[in-house]
Amino acid sequence: MQEKSSVFRHLQIRHFIVRLIEQHPGESVYVPSIAELAKMFSTSRPTVSKAMKSLRDDGLVVGRRGVGVFTVPNSDFALYHHE
């Protein structure tokens with residue numbers, strides 16, 4: 001059961017970030033920290049990290065050392081892939 005919950009939260013986090021991209025087309029938007037997202041979605045940091053890794057792998061977010069994580073401007077992915 002815990003694994004299903006983790007997958008569900010992972011998808012919720014992805015959806016949240018994709019919505020940020022859709023709501024701010026062409027802009028680079030700050031993404032809440034792993035700790036903030038874990039609290040927002042009542043989940044563990046490893047679950048958030050997994051979601052963030054998949055978003056980075058898909059080119060939807062980029063980390064800036066010492067600054068944070070931001071959405072990638074002009075990401076077409078969000079327009080065609082609704083989670």
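One can find the structure itself at the top, above this paragraph.
Residues numbered from 1 in each chain as written. Predicted model: local features only at pLDDT ≥ 70, side-chain atom pairs only at ≥ 80, totals over all residues. Heavy atoms only, no water.

A. Here's a closer look at the overall build of the protein. On a plain count of helices and strands, the protein comes out with four helices and three strands. Beginning at the N terminus, the succession of helices and strands in the protein can be written as α-β-α-α-β-β-α. Each of the 83 residues in the protein was classed as buried or not, and the buried ones make up 33%. Of the contacts made within the protein by residues no fewer than 6 positions apart, 60% connect residues no fewer than 24 positions apart. (Helix = DSSP H or I, 4+ residues; strand = E, 2+ residues; numbered from the N terminus. Buried < 20%, exposed > 50% of the residue type's maximum accessible area, 1.4 Å probe, protein only. Contact = heavy atoms within 4.5 Å.)

B. Region of interest: the pattern of salt bridges. For the coordinates displayed, the defined rule picks out three salt bridges. Between R14 and D58 there is a salt bridge, with its nearest N and O atoms 3.1 Å apart. In this pair, R14 sits in helix α1 (residues 2-23) while D58 sits in the loop between α3 (45-57) and β2 (61-64), placing the two residues 44 residues apart along the sequence. Owing to a relative accessible area of 37%, D58 belongs among the partly exposed residues under this scheme. As a salt-bridge pair, R19 and E22 come within 3.7 Å of each other at their nearest N and O atoms. Of this pair, R19 and E22 both sit in helix α1, three residues apart, which is roughly one turn of the helix. (Salt bridge = Lys/Arg side-chain N within 4 Å of Asp/Glu carboxyl O.)

C. Seen up close, the sheet that holds strand β1 (residues 30-31). The antiparallel open sheet is built from three strands, whose spatial order is β1-β3-β2. The open sheet has two edge strands, β1 and β2, and neither has a second partner. Pairing between β2 and strand β3 (residues 68-71): four bridges, direction antiparallel. Of the residues in β3, the one forming a bridge with V62 is F70. (Pairing = 2+ DSSP bridges.)

D. Up close: the nonpolar core. I17, V31, L37, M52 and V61 are the most contacted members of the largest nonpolar core, which has 17 residues in total. Among the elements that make up this core, the one with the highest residue count is α1 (five residues). Beyond its immediate sequence surroundings of up to four residues, M52 is in contact with V31, L37, V61 and V69. (Core = buried A, V, L, I, M, F, W, Y, C linked by side-chain atoms within 4.5 Å.)

E. How the structure looks around the packing of aromatic side chains. Applying the stated criterion across every chain yields a total of two aromatic pairs. When the ring centre of F70 is taken as origin, the NZ or CZ atom of R64, which lies over that ring, is 4.4 Å away. (Phe/Tyr/Trp six-rings, centres within 6.5 Å; stacked < 30°, edge-to-face > 60°. Lys NZ or Arg CZ within 6 Å of the ring centre and 35° of its normal.)

F. Highlighting unusual backbone geometry. Here the phi dihedral of S42 falls at roughly 50°; this positive angle occurs in a residue that is not glycine. Counting through the fold element by element, S42 comes out in the loop between α2 (34-40) and α3.

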